[in-house]
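Architecture and fold: a report
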Amino acid sequence: MAAAPDPLASFSGLGISTPSRAAFTLSGSDSSSSVDDDAPLPFPEALPRADFLAPDFQPAAYLSALPNRHQTLEDLRSDLRDRSAAISSELLELVNSNYTAFLSLGSELRGGDDKVEDVKVSLLGFRRAVEEVKGRVSARKEETNALNDELRGVRSAIEQGRKMIELSERLTSLEEHLALDSMPASKAPREWEDNESEEEDEDDDGTLGSSPTKLLASAQECSRIAILTESLDQNTPFVIKMEERLTRCRNTLLLDLGNALKQAKKAGVRGQDRVLKYLAVYRVLGAQADAIKALRGG
């Protein structure tokens, strides 16, 4: 019997390719590859005791670093409680097994009283030594303070002596300038007269009185000497003597100033400028009352 013709063979003659036949099978479900989520997890092994004995043991870091440990938190707590109870039981057994040794521990510590006494004696000796050092330091401190006070006193006395010498020299120079009867006159120039005007010296012909510049320089020097005297001890005989000399100088200066003011007033218009200058000298001396008397008396 002849085979039936293939209906797709006619398409091949026309140059049309036909799809290849592929085997079609219905795959069934493989029960062995399915995972049952309800299956119980394997029970974890007990945590090794050596992990808890590490010097840098940190509970939080240790629990977070446990690898592939399928265990609930409650089971972990129960495990740790059991481990703590086991350690307490071991400790109790250790104490019970060595109970006699624990009781005799206090009685076996003998001979320590002598050591303690030796330590006490050493500490007392050290304390006495410290007290002696503190006493010497305090004594040296008081001695140093006394020497410092003495040094300050010596320096103050030296300063007072220098001021006294300066006071005497200034008074002597002022007395020479004023030509007091108690001191010989001197023509040597003085430092505080350097600012005198040569023009006034040339104009000083005797008709208008003493030069205002000279009188002003003497008045300023007298005021400086008075300030220097106030800085010294007023009760010392030397200062009292210097004040007497200063008073004589001031009175002599006021006398010369009064005579010069009278001569300037007599000169009329020509002497008006000098009258004003003489009044300024009175102000430097603090003798305004004497100036008023001189003006009224003229």
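From a predicted model like this one, the values you see are computed outputs, not experimental measurements.

Points about a negative patch on the surface
Taken together, the side chains of D113, D114, E117 and D118 make up a negatively charged region of the molecular surface. With respect to the element layout, E117 can be found in helix α7 (residues 112-178).

Comments concerning helix α4 (residues 73-97)
In this model α4 runs 36 Å from its N-terminal to its C-terminal C-alpha over 25 residues, within 8% of the 36 Å that 1.5 Å per residue would give. Residues of α4 that are buried: L76, D79 and R83. Buried residues in α4 make contact with α2 (49-52) and α3 (59-64).

Considerations on the nonpolar core
Among the nonpolar cores identified, the biggest contains 28 residues, and L167, L171, L215, L257, Y278, Y282 and L285 are the most heavily contacted of them. Looking at this core, the elements that each hand over two or more residues are α7, α9 (212-230), α10 (237-266), α11 (272-285) and α12 (288-297). The leading source of residues in this core is α10, at 10 residues. Among all residues touching L167, those that are not within four sequence positions of it are I225, L228, T229, L232, F238 and M242.

Notes on the packing of α10 against α12
Packing of α10 against α12 brings their axes to within 10 Å, and their N-to-C directions diverge by 35 degrees. Our pair here, α10 against α12, has a crossing hand that is right-handed. Counting all contacts with α10, which are made through L254, L261 and K265, the residues of α12 involved are D290, A291, A294 and L295. Residues belonging to the contact of α10 with α12 are distributed by class as follows: 5 nonpolar, no polar and 2 charged.

Comments concerning the pattern of salt bridges
The final tally for this structure, using the stated rule, is 8 salt bridges. Notably, a salt bridge pairs D149 with R152, separated by 2.1 Å at the nearest N-O pair. With D149 and R152 both in helix α7, this residue pair falls 3 residues apart, about one helical turn. With relative accessibility at 44%, the residue D149 sits in the partly exposed group.

Quick word on the packing of α10 against α11
Packed helices, taken two at a time, are described by their axes: the angle between them and the distance between them. In the contact formed by α10 and α11, the axes pass within 9 Å of each other and the chain directions differ by 160 degrees. In terms of orientation, α10 and α11 fall into the roughly antiparallel class. The two elements α10 and α11 cross, and the hand of that crossing is left-handed. Across the interface between the two elements, R250, L253, L254, L257, G258, A260, L261, A264 and K265 of α10 pack against R274, V275, Y278, V281, Y282 and L285 of α11. Grouping the constituent residues of the contact of α10 with α11 by class yields 11 nonpolar, 1 polar and 3 charged.

Focus on a nonpolar patch on the surface
A cluster of nonpolar residues, L91, L94, V95 and F102, forms a patch on the protein surface that exposes about 370 Å² of accessible area. The leading source of residues in the nonpolar patch is α4, at 3 residues. Residue V95 is classed as partly exposed on the basis of its relative accessible area, which comes to 31%.

Brief notes about α11
The α-helix advances 3.6 residues per turn, and as a result positions three or four apart in sequence lie on the same side. For α11, spanning 14 residues, the distance from its first C-alpha to its last is 20 Å, which sits close to the expected 20 Å at 1.5 Å a residue. Inspection of α11 places R274, V275, Y278, V281, Y282 and L285 among the buried residues, and these make up the whole buried set. An end-on view of α11 places all buried positions within 115 degrees of arc, on one side of the element. Facing away from the buried side of α11, by more than 90 degrees, are the exposed residues L276 and R283.

How each quantity is defined
- Residues numbered from 1 in each chain as written.
- Predicted model: local features only at pLDDT ≥ 70, side-chain atom pairs only at ≥ 80, totals over all residues.
- Heavy atoms only, no water.
- Patch = residues over 30% accessible without salt bridge, like charges linked within 9 Å, V, L, I, M, F, W, Y side chains within 5 Å.
- Areas by Shrake-Rupley, 256 points an atom, 1.4 Å probe, with all protein chains shown as cover.
- Salt bridge = Lys/Arg side-chain N within 4 Å of Asp/Glu carboxyl O.
- Lys, Arg positive; Asp, Glu negative; His and termini not counted.
- Charge placed at Lys NZ, Arg CZ, Asp CG, Glu CD.
- Helix = DSSP H or I, 4+ residues; strand = E, 2+ residues; numbered from the N terminus.
- Expected span 1.5 Å × (residues − 1).
- Buried < 20%, exposed > 50% of the residue type's maximum accessible area, 1.4 Å probe, protein only.
- Contact = heavy atoms within 4.5 Å.
- Core = buried A, V, L, I, M, F, W, Y, C linked by side-chain atoms within 4.5 Å.
- Axes fitted to C-alpha atoms, helices over the stretch in contact; angles between N-to-C directions.
- Left-handed = near helix turned anticlockwise from the far one by under 90°.
- Nonpolar A, V, L, I, M, F, W, Y, C, P; charged D, E, K, R; others polar.
- Parallel < 35°, antiparallel > 145°, perpendicular 65-115°, else oblique.
- Arc of directions from axis to C-beta.

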